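# Structural description and commentary
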Amino acid sequence: MSFFMKLFLIIVAPFLFLNCASTGSGNPIYIRANQAGFLPNDFKTAVVFSESPIQKKDFSVVQTVSNRVVLSDKFFDTTYSYDKFKYCYTINFSGLKTPGIYKINVDGNYSYPFKISSTVYNSIVDSLMLFFREQRCGPTNPILHAPCHLSDVARLEGDKDHPGGVDVTGGWHDASDYIKFLSTTAYTTYMLIFSYEFDKTKFGFDNNKNGVPDVLEEAKIGLDWLLRCNYSKYKLVTQVQDLRDHAVGWRMPENDTLQYDRVGLVGIGKNQIGLYAAVMALASKVWTERFSKTDFAKRCLDAAENLYSIRNQVANIDTSTLGFYQDNAYWGKLALGAIELYNVTQKFNYFNDAITYGDSAGSDYWWSYGNINSLADYRIAQVVPRFSKYIYNNLLSFNARMDTSLFREGLPYSWGTTNTFLGVALQAVLYKNLTGSTQFDSLADFQRDYVLGRNAWGLSFIYNIGSKFPEHIHSQVAYFHNGYLPGALVAGPAPEDILKNYKIEKENHEYDFFNTSSVKYYDDNGNYITNEPTISSNATAVFVYGYYSNR
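Our subject in this report is the structure included herewith. All values reported here derive from a predicted model rather than from experimental measurement. (Residues numbered from 1 in each chain as written. Predicted model: local features only at pLDDT ≥ 70, side-chain atom pairs only at ≥ 80, totals over all residues. Heavy atoms only, no water.)

What follows is about the pairing of strand β1 (residues 29–32). The two faces of β1 match: I29 and I31 on one face and Y30 and R32 on the other face are all buried. Across four bridges, the pairing between β1 and strand β3 (residues 45–50) is antiparallel. When the bridges of β3 are listed, R32 appears paired with V47. (Buried < 20%, exposed > 50% of the residue type's maximum accessible area, 1.4 Å probe, protein only. Helix = DSSP H or I, 4+ residues; strand = E, 2+ residues; numbered from the N terminus. Pairing = 2+ DSSP bridges.)

Structure (structure tokens):
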């Protein structure tokens, strides 16, 4: 990008948002709402903010086709502020339930349009599922690229008895690079199968009409690869390819110059055993019940039980993955593995382990690829109801934080903010399913809506969902397809305390006007902190938006 273009972007960036902030009043007003839309009976809110006082505090909701006002009301001063925007308000239009397409008007300033429909989230889930197909590796019928890495892997590191290659073709590329990880693949696969078992109607959709629910069809990509990673009875490949992947420049996966020189890292820890046992035990149960595939189900269960049996003989935390996705705890994953083994075998030693490990894990007050205690708590609570208390503790903490912020974020910003916020919503859904309580419905709605546009930047963080979404995603495949990457959920805003530690050139300053000294978002294809999608984030999103779908 030329110097003059960079200067142009710096100067005009704040004014690029005037499509959501009319200058008619001489006071730009910004309106932020879920751009995808709402279910008819949803809790429906939007945020209004400005650098100057808003004198006329009323709003209307307008039908986009007829321009007819369908609802109007007042809004009031709040104690919230957002950086230089000292005048911040929340409007509530939950009374509007009629299906249609609408926009919000505040003193001649309009929001992006949004839809009210009972099926508004169906298309989001369908789009999110497409991202997994783009991430597929090996001869797995991917989209947007040709079959790739057909000879994984050339050699192993970490197993002196088996230094040669093994067959670990398939699976998914984890993110924008072409590395594959056991931990995130196991989490992603588990969430896809878990979603189906959670609600076989909402997650039983079969868009390609081949008789297999799409989430299970995609989960099979992960299962096949995970089984290959268990190349010996008590051993695992935890990562395919090393940091050389990042050093050879951007290329399509089928043109990877390292495709015949990819290494498999061998390692094992209690954390990995727990999650691996969980996904394989759950797969054994579902493939037996849904498909009567007893041979495949037995293979999955055998792998789960074999590895679980050596949990006390391995390190607590595996460190073989070159610092990527490094866990800091393992009790919750062991608890999840134990309860899923109990659910399929009804062996009480697994049940007792699940109770012990679950109590040891406790509440983790977070959500990420490594902090998933609430999944174990949910599964155990289906048998021992007191375990719902651990999820409740998390939710109380999230609620307290939400009440301090204009945009109602349930957790601090992090590397992977969108996954973390959707994880808050996920836990609220799990708790409601266990108890029937609606106490945390608004908490879930706010996190759901934040990702779809109810945020400072006025951006839906899922590609091609809503009116304004990331156009310069950090993805090699997207780069070679003019930014096109259906269903990709980017990581989202990140703290400056993290960003400052990485030397990432910033070419797109479109959103600088809404960045603060503490948290920033950049829609740059070079920014792997704010703008990279991952399979694990998409898996969380599939569950959350699938929950709100109507099939």
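Take the packing of helix α5 (residues 270–291) against helix α6 (residues 294–308) next. Following both chains from N to C, one finds α5 and α6 inclined at 155°, their axes separated by 8 Å at the closest point. Judged on the interaxial angle alone, α6 and α5 are roughly antiparallel. Regarding α5 and α6, the two cross each other, and that crossing is left-handed. Residues I273, Y276, A277, M280, A281, A283, S284, W287 and T288 of α5 pack against F296, A297, C300, L301, A303, A304, L307 and Y308 of α6. Classifying every residue of the contact of α5 with α6 gives 15 nonpolar, two polar and no charged. (Axes fitted to C-alpha atoms, helices over the stretch in contact; angles between N-to-C directions. Parallel < 35°, antiparallel > 145°, perpendicular 65-115°, else oblique. Left-handed = near helix turned anticlockwise from the far one by under 90°. Contact = heavy atoms within 4.5 Å. Nonpolar A, V, L, I, M, F, W, Y, C, P; charged D, E, K, R; others polar.)

In sheet architecture, strand pairing relies on hydrogen bonds along the backbone and comes in two forms, parallel and antiparallel. Spatial ordering of the open sheet is given by β10-β13-β12-β11, a layout of four strands whose pairing is mixed. In this open sheet, the two edge strands, each paired with only one partner strand, are β10 (155–157) and β11 (180–181). Relative to strand β13 (residues 263–266), strand β12 (residues 237–240) is paired through three bridges, and the arrangement is antiparallel. Paired with V240 across the bridge in β13 is G264.

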